[in-house]
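Observations on the model geometry
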Amino acid sequence: MKEKTLFIDASKEYNPGKNQNELGKKHIDRIVETYSRFRESDIQTGIVEEKYSYVASFDELQENDFNLNIPRYVDTFEEEEDIDIPAVQGHIKKLEGELAAVQSQMRKYLEELNLNG
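Residues numbered from 1 in each chain as written. Predicted model: local features only at pLDDT ≥ 70, side-chain atom pairs only at ≥ 80, totals over all residues. Heavy atoms only, no water.

**Digging into a nonpolar patch on the surface**
Stated formally: A residue counts toward a patch only above 30% relative accessible area and without a salt bridge, and it is joined to like-charged neighbours within 9 Å or, for Val, Leu, Ile, Met, Phe, Trp and Tyr, to nonpolar neighbours within 5 Å. Computed with the Shrake-Rupley method and a 1.4 Å probe, the accessible areas treat only the protein chains shown as cover for residues. Every case where a carboxyl oxygen of Asp or Glu lies within 4 Å of a side-chain nitrogen of Lys or Arg is listed as a salt bridge. Where helices and strands are cited, they refer to DSSP runs of H or I of at least four residues and of E of at least two residues respectively, numbered from the N terminus. Remark: exposure states derive from per-residue accessible area (1.4 Å probe, protein chains only) relative to the maximum for the residue type, with buried under 20%, exposed over 50%, and partly exposed in between.
A surface patch of nonpolar side chains, about 340 Å² in accessible area, is lined by Y14, L23, I28 and V32. With respect to the element layout, Y14 can be found in the loop between β1 (4-8) and α1 (25-40). Assessed through its relative accessible area of 36%, Y14 is described here as partly exposed.

**Re the packing of aromatic side chains**
Formally: Two aromatic rings from Phe, Tyr or Trp, using only the six-membered ring of Trp, form a pair when their centres are within 6.5 Å; if the ring planes differ by under 30 degrees the pair is stacked, by over 60 it is edge-to-face, and anything between is tilted.
Across all of its chains, the model carries four aromatic pairs by this definition. Seen in terms of ring centroids, F7 and Y73 are 4.2 Å apart; in terms of plane orientation they differ by 10 degrees. Their pairing is stacked. In this pair, F7 is assigned in strand β1 and Y73 in helix α3 (residues 70-73), connecting sequence segments 66 residues apart. In terms of burial, F7 and Y73 fall into one category: buried. Judged by centre distance (6.4 Å) and plane angle (45 degrees), the ring pair of Y35 and F38 falls under tilted.

**Describing the pairing of strand β3 (residues 53-57)**
Test applied: Pairing between strands requires that DSSP locate at least two bridges from one strand to the other.
Most of β3 is tucked away: five of the five residues are buried. Across the two faces of β3 the burial is the same, with S53, V55 and S57 and Y54 and A56 all buried. Where β1 lies against β3, five bridges are found, and the strand directions are antiparallel. Paired with I8 across the strands is S53, a residue of β3.

What follows is the structure in C-alpha cells.
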C-alpha cells in the first residue's frame, strides 16, 4: 500500500450553507468508509467506488508528473443524454400554437373591455 495513493472526490458531498458548506455525518461516513476499504484490502490500481474514488500507483503518479489534481484520476464525467431534435422542435411548435391561442383570446378580452369601457 506504500506505493498506492487513494483519491476521493467528495466535492458533491456536502450540505449547502449560507456562508459556508458543511460536511454532514453521512458525507463523512462515506469518505471514511471509502478510506477504510482502501486500507483493509489489497486493492490494485483502479477504482474503489466509480465516479467517487480511485487508487493510483506510484508509476501512474510519476507518468502524470506527480500532478495530484483529483479530476485527473477520478472520472466524474456524466455523459449527456442525446437530444431528440425533431421531438424538441415538435414540442416548441405545440407551445407556439398554445401561445398564439392564448394571445388571441387575450386580444378578444381586451377588445371587449374597450367596447364596454
